[in-house]
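Each chain, letter by letter, is given below.
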Amino acid sequence: AAHAPTVRFDASLKLPPSAARALRHWTPVHVHIGAADAMGRVSVLQGTGIEPGASAHAQIVLDQPVGALRGDRFILRDQSAQQTLAGGAVLDPFAPARKVRTPARLAVLAALERSATSDALQQLLNDAPAGVDLSWFARSFNLRTEAAESLYREIPMVVVSVAVAGRFGFAPLRWETMQQEVLAALAAEHARAPEVLGLEGRRLRRLATPDLPWEVFTALIDQLLAGQRVARHGPWLHLPTHRITLTGAEDKLWRAVAPLLRATPFQPPWVRDIAQTLTAPEPQVRSLLQRVTMLGDTYEVMRDRFFTREAIAELARIV
């Protein structure tokens, strides 16, 4: 875990008042950090340059990996290594390549500038839109496991553990806010399309909490399900108060269609075959099965081929 080379890091830069000119975006530089001298470029995160005597956030993009941790000091020299251009301190040694100039990202950098580790973590918990990756935090701040765990116990937070992505921390208020965003997204969808039962999980995530990793989002949904603030029917998530039902005619037709699907669960008849068997209009059978799929009782595995929920569950068990 200690071996964590990086080829890009976010930093706070300061130009000396005596600098001959502003440091422009994407200027090629020599980066002197620790014992390393690496070529790289400066990506200015606000505006197009940094004026003499000014400080600003920037991302340093390197041609080769170096070792860097939060708080490490470094010097930038020009391409010919003849002139010192700026000095800086590493803020995020494992910086992202995308969305680096958004207000949310700049808020993260502002939190990383806090001098006390506990203050930095507290502000990150409040501001980070996708929570704080606790492994990233400990590695960035060069914290031993015992020190990191002690810090996490001191600060009130909701800790979400996911198998692939690791552990994420959230301020309790932030965690509740995200739950409210999910509930609001479902309420808006029910108002927009009352004839539809709800939303599939990945679409709900895109609407409510797009910055949240999928694994963390599922943990959020699991908690809402456990608290009966959200209900699940098949693939659909919905508010417990929202219901859709079949009309009398639809229910009568479904009672005729269902036995045909269950008779050969792994090779169900096509819509056209069902329509011929029941002497019912093919569009009517198709519309019914699409509506039953919204209820979660069938799955349209391919166009006009509907499997019952029980058949899908059994296939999953076999696999």
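Keep in mind it's a predicted model, so treat the numbers as computed, not measured.

Focus: the pattern of salt bridges
Here the idea is simple: oppositely charged side chains can pair when their charged atoms come close. Applying the stated criterion across every chain, the model contains 16 salt bridges. The salt bridge partner of Arg 114 is Asp 119, with a shortest N-O separation of 4.0 Å. In this structure, Arg 229 and Glu 176 form a salt bridge, with 3.1 Å as the shortest nitrogen-oxygen distance. Of this pair, Arg 229 sits in the loop between helix H7 (214-226) and strand E13 (231-233) while Glu 176 sits in helix H5 (residues 172-192), and the two are 53 residues apart along the sequence. Residue class for Glu 176 comes out partly exposed when judged on its relative accessible area of 27%. Each member of the salt-bridge network shares a partner with another, and the members are Asp 10, Asp 92 and Arg 105.

Focus on the confidence of the model for the protein chain
Residues with a pLDDT of 70 or more make up 100% of the protein chain, whose mean pLDDT is 94. The weakest mean pLDDT in the protein chain belongs to E13 at 89; the strongest belongs to strand E7 (residues 73-77) at 98.

Some details on a nonpolar patch on the surface
A contiguous nonpolar patch, built from Phe 266, Leu 315 and Ile 318 and spanning about 260 Å² of accessible area, is present on the exposed surface. With respect to the helices, strands and loops of the structure, Ile 318 is situated in helix H11 (residues 309-318).

Concerning the sheet that holds strand E1 (residues 6-14)
Strand order in the closed barrel formed by 6 strands is E1-E6-E4-E3-E7-E8, with antiparallel pairing between adjacent strands. Pairwise comparison of adjacent strand axes, ignoring direction, gives a mean angle of 40° for this sheet. Here strand E3 (residues 27-33) runs beside E7; their pairing, made up of 4 bridges, is antiparallel. Bridge pairing in E7 places Val 31 opposite Leu 76. Contacts from helix H1 (residues 103-112) reach E1, strand E6 (55-66) and strand E8 (84-92), with the element oriented near 95° to E8.

Rules used in this analysis
Residues numbered from 1 in each chain as written. Predicted model: local features only at pLDDT ≥ 70, side-chain atom pairs only at ≥ 80, totals over all residues. Heavy atoms only, no water. Salt bridge = Lys/Arg side-chain N within 4 Å of Asp/Glu carboxyl O. Helix = DSSP H or I, 4+ residues; strand = E, 2+ residues; numbered from the N terminus. Buried < 20%, exposed > 50% of the residue type's maximum accessible area, 1.4 Å probe, protein only. pLDDT = per-residue confidence, 0-100. Patch = residues over 30% accessible without salt bridge, like charges linked within 9 Å, V, L, I, M, F, W, Y side chains within 5 Å. Areas by Shrake-Rupley, 256 points an atom, 1.4 Å probe, with all protein chains shown as cover. Pairing = 2+ DSSP bridges. Axes fitted to C-alpha atoms, helices over the stretch in contact; angles between N-to-C directions. Contact = heavy atoms within 4.5 Å.

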